[in-house]
Amino acid sequence: MHFDAESLTPLYQQIADAFADGILSGAFAEETQIPSTTQVAREYQLNPATVLKGMNILVDNGLIEKRRGLGMFVTPGAQAQLVRQSKDLFYSEQVTALVTQARALHISKTELLTAIEKGYAK
Amino acid sequence: MTELKVTNVAKHFGRKNVLNGINVTFTDGQIYGLLGRNGVGKSTLLRLINNRLLADRGQITLDGASVVDNEAAQNRIFLMSAEMLYPAEQKVSWVFKITKQLYGGFDDALAAHLVSVFHVDTTSRLSRLSTGYKTLVKLIVALCVPCDFVLLDEPVLGLDAPNRHLFYQELMATFTDRPRTFVIATHLIEEISQLVNQVVVIERGVVTLDQDADELRQRGKMITGPAATVRDWLADVKVLRTTALGGMLAAYTLDAPLEKPLPAGVTMEAMNLQQLFIELTREEEGSHES
């Protein structure tokens, strides 16, 4: 994990994204405990309030849950939920960006589709 | 809620007015970054709070009671400053012991941990310590006192990069274990930018900025692109500074009009805390006093 105070993305969002990536990749498996606020704050020299704010985004999204006296755990179904969300995001953002950029470079729809097929052929 | 409140505080030295009506409130469980150019009076403010100096006017109160000549209040405030206030012939272990007596408490377990992390020889006399180790001893004391308000004036003076890194880690660990207020005055802004949650800037003797660090980081933007387009997009907001490179213009602002779409060919980047500080406290051309 790496956190960049200079990024346009707020630090707490970066923390949420990093944990979401960990859940998506399976590094933080469902029903297992994720590192505590203290551990993350200490390891990455981040203000614990910032770390907590990031984790709360995941709590609000239902990806992690607090178990009293035990810590934060990845919820069952969190990975599948993230895959769904990432797919939606891929269509709504990356594909749109790709098309916009292709238009700016005067790449036609047919050319773009050919390029995507070539990409799959590799 | 516990709060340390500075109201309209002024202080002059000779004919120079250093502080000119400072207003700031430090609340519990926060880490403040106290920033300001050289000679702006950061240390003076901290020394006033710790009763090492007396203000010309204004008030400094802890939970409503003046901190001046108030032993109970001062027992809750600790200032780590550049001076070494302990006799040079004493040993490190004596410093820990005397601190415990003075403040009525000392986190021995944490001290032992920090001594081992930083490889401090507690049997060494203070006079034999290097600059870096003198700083480390003072830092250990600052983290182990039972005070609610810990003021750190240039806390990493003389520390090498690995020790600074370790110190920031230990600071975050002890802060999480026992939340209290830290006020950190430093010039190494980049290093503390993700530790602090509130930023206070002093300029010309007054507080000119007092803001949540996350919000501040989100506000600072650098907009780059064709000069006319950038100027047009930023027409209605305050621009801190612009730099031109041929037809390209880079503009720094805290008030980017994010409600308008970013024009084609224009990019927006974040400003880090250090860049923000430089732009905010930049003296007007020719007005810089020597």
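Residues numbered from 1 in each chain as written. Chains lettered and ligands numbered in written order. Predicted model: local features only at pLDDT ≥ 70, side-chain atom pairs only at ≥ 80, totals over all residues. Heavy atoms only, no water.

In the nomenclature of an unreviewed UniProt entry, chain B corresponds to ATP-binding cassette domain-containing protein from the organism Lacticaseibacillus yichunensis.

Under an unreviewed UniProt entry, the name given to chain A is GntR family transcriptional regulator, and the organism recorded is Lacticaseibacillus yichunensis.

A.B. asks: When you look at the pattern of salt bridges in this model, what are you seeing that I'm missing?
C.D. replies: Pairing between side chains of opposite charge can happen when the charged atoms of each approach one another. Under the definition given, this model contains 15 salt bridges over all chains. Across the pair B:Glu203 and B:Arg204 runs a salt bridge whose closest N-O atoms are separated by 3.7 Å. Counted as one network, the salt bridges with shared partners bring together A:Glu31, A:Glu65 and A:Arg67. (Salt bridge = Lys/Arg side-chain N within 4 Å of Asp/Glu carboxyl O.)

A.B. asks: Would you mind showing me how to read the interface of chain B and chain A here?
C.D. replies: Between chain B and chain A, the residue contacts involve 24 residues of the former and 21 residues of the latter. Carbon and sulfur atoms make up 50% of the area that chain B and chain A hide from each other, which totals about 1,900 Å². When the buried surface of chain B facing chain A is broken down by residue, B:Gln169, B:Gln194 and B:Asp214 rank first, second and third, together holding 32% of it. Applying the counting criterion to the chain B and chain A interface returns two salt bridges. For B:Glu170, the salt bridge is made with A:Arg42, and the minimal N-O distance between the two is 2.9 Å. Joining chain B to chain A, the criterion identifies seven residue pairs in polar contact (both at pLDDT 80 or more). The element contributing the most residues to the side of chain B that touches chain A is helix 6 (residues 161-177) of chain B, with nine residues. The residue inventory of the side of chain B that touches chain A, partitioned by class, reads nine nonpolar, eight polar and seven charged. (Contact = heavy atoms within 4.5 Å. Buried area = accessible area lost by both parts, 1.4 Å probe. Polar contact = N/O pair within 3.5 Å; in protein donor to acceptor, adjacent residues only side chain to side chain. Helix = DSSP H or I, 4+ residues; strand = E, 2+ residues; numbered from the N terminus. Nonpolar A, V, L, I, M, F, W, Y, C, P; charged D, E, K, R; others polar.)

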